[in-house]
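Given next are the chains, with one letter for each unit.
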Amino acid sequence: SPILGAARGAVAAYRARLATGGPDGAPIDRALDHECLARSETAVRIAELAIRDAGHRLIALYGDGGTPPAEAPLALRVQVSHAAEMCKTVLRAISDASGSSAHLLGNPLQRAVRDGTMLATHATINPFGLTEALGKVMLGLQATIPGPRVN
């Protein structure tokens with residue numbers, strides 16, 4: 001997923017900047033930065049696990065050629081949607097912790113935040129329509145499922 005790659009790249013760049021950005025090239029020693037780095041790294045790892053798990057489960061669902069119940073693939077799309085939201089949150093947290101220079105057009109982090117925000121709004125992973133649809137399907141109600149149509 002591109003948003004996962006963007007978040008992973010932002011964490012790596014943030015870590016590199018913190019490792020040498022202090023006085024005399026020493027690591028930056030601020031609790032806020034340490035917490036942001038650790039939380040961001042953890043969130044990206046969890047997001048990757050969620051995306052990989054969804055992929056494996058989708059293969060298992062369709063592997064026998066049958067048609068799974070509507071709830072199963074939709075639940076996996078919601079899972080990926082949450083992973084994308086985690087990545088978007090990581091990008092924003094690192095941007096916020098990086099100061100105003102993170103918003104300059106020449107800063108790769110600015111592009112990553114913008115691209116991640118755009119990717120997370122795509123109908124295939126946007127959480128707003130997906131979670132409503134999943135809740136309805138779970139209750140046996142008719143739902144309009146956003147995104148590509150599968151016939």
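In case you missed it, the structure is sitting above this.
Now for a look at the structure at hand. Small disclaimer: the values here were computed from a predicted structure and weren't measured. (Residues numbered from 1 in each chain as written. Predicted model: local features only at pLDDT ≥ 70, side-chain atom pairs only at ≥ 80, totals over all residues. Heavy atoms only, no water.)

**Comments concerning the overall build of the chain**
Right, so step 1: Broken down by element type, the chain carries five helices and zero strands.
Right, so step 2: The helix and strand sequence of the chain, counted from the amino end, reads α-α-α-α-α.
Right, so step 3: Seen through its principal axes, the chain has C-alpha atoms that stretch 60 × 25 × 25 Å.
Right, so step 4: Taking all 151 residues of the chain together, the buried fraction comes to 32%.
Right, so step 5: In the chain, once contacts between residues fewer than 6 apart in sequence are set aside, the share between residues at least 24 apart is 61%.
Right, so step 6: Total accessible area computed for the chain in this model is approximately 9200 Å², and 61% of it derives from carbon and sulfur atoms.
Right, so step 7: Across the chain, the 15 positively charged side chains and the 13 negatively charged ones have centroids separated by 5 Å. (Helix = DSSP H or I, 4+ residues; strand = E, 2+ residues; numbered from the N terminus. Buried < 20%, exposed > 50% of the residue type's maximum accessible area, 1.4 Å probe, protein only. Contact = heavy atoms within 4.5 Å. Areas by Shrake-Rupley, 256 points an atom, 1.4 Å probe, with all protein chains shown as cover. Lys, Arg positive; Asp, Glu negative; His and termini not counted. Charge placed at Lys NZ, Arg CZ, Asp CG, Glu CD.)

**Focus: the packing of helix 1 (residues 2–20) against helix 4 (residues 108–120)**
Right, so step 1: Running from N to C, helix 1 and helix 4 cross one another at 155°; their axes reach a closest spacing of 9 Å. In terms of orientation, helix 1 lies roughly antiparallel with respect to helix 4. Our pair here, helix 1 against helix 4, has a crossing hand that is left-handed. In this structure, helix 1 uses P2, I3, A6 and A10 to contact helix 4, whose residues at the interface are L109, A112, G116, L119 and A120.
Right, so step 2: Its residues placed into classes, the contact of helix 1 with helix 4 shows eight nonpolar, one polar and no charged. (Axes fitted to C-alpha atoms, helices over the stretch in contact; angles between N-to-C directions. Parallel < 35°, antiparallel > 145°, perpendicular 65-115°, else oblique. Left-handed = near helix turned anticlockwise from the far one by under 90°. Nonpolar A, V, L, I, M, F, W, Y, C, P; charged D, E, K, R; others polar.)

**Considering the environment of L105**
Right, so step 1: Within the fold, L105 resides in the loop between helix 3 (71–97) and helix 4.
Right, so step 2: Relative accessible area serves as the criterion here: at 74%, L105 is assigned to the exposed category.
Right, so step 3: Taking the C-alpha atoms as reference points, L105 and F128, 23 residues apart in sequence, are found 29 Å from one another.

**Some words on the environment of A54**
Right, so step 1: Counting through the fold element by element, A54 comes out in helix 2 (residues 31–62).
Right, so step 2: Separated by 44 residues in sequence, A54 and S98 have C-alpha atoms that sit 32 Å apart.
Right, so step 3: Not counting residues up to four positions away in its chain, the partners in contact with A54 are L76, Q79 and V80.

**Details of the pattern of salt bridges**
Right, so step 1: Using the criterion set out here, one finds nine salt bridges in the structure.
Right, so step 2: Between R52 and E48 there is a salt bridge; the shortest N-O distance is 2.9 Å. In this pair, R52 and E48 both sit in helix 2, four residues apart, roughly one turn of the helix.
Right, so step 3: What makes R52 exposed here is its relative accessible area of 52%.
Right, so step 4: It is possible to trace a salt-bridge network through shared partners that takes in R8, E48 and R52. (Salt bridge = Lys/Arg side-chain N within 4 Å of Asp/Glu carboxyl O.)

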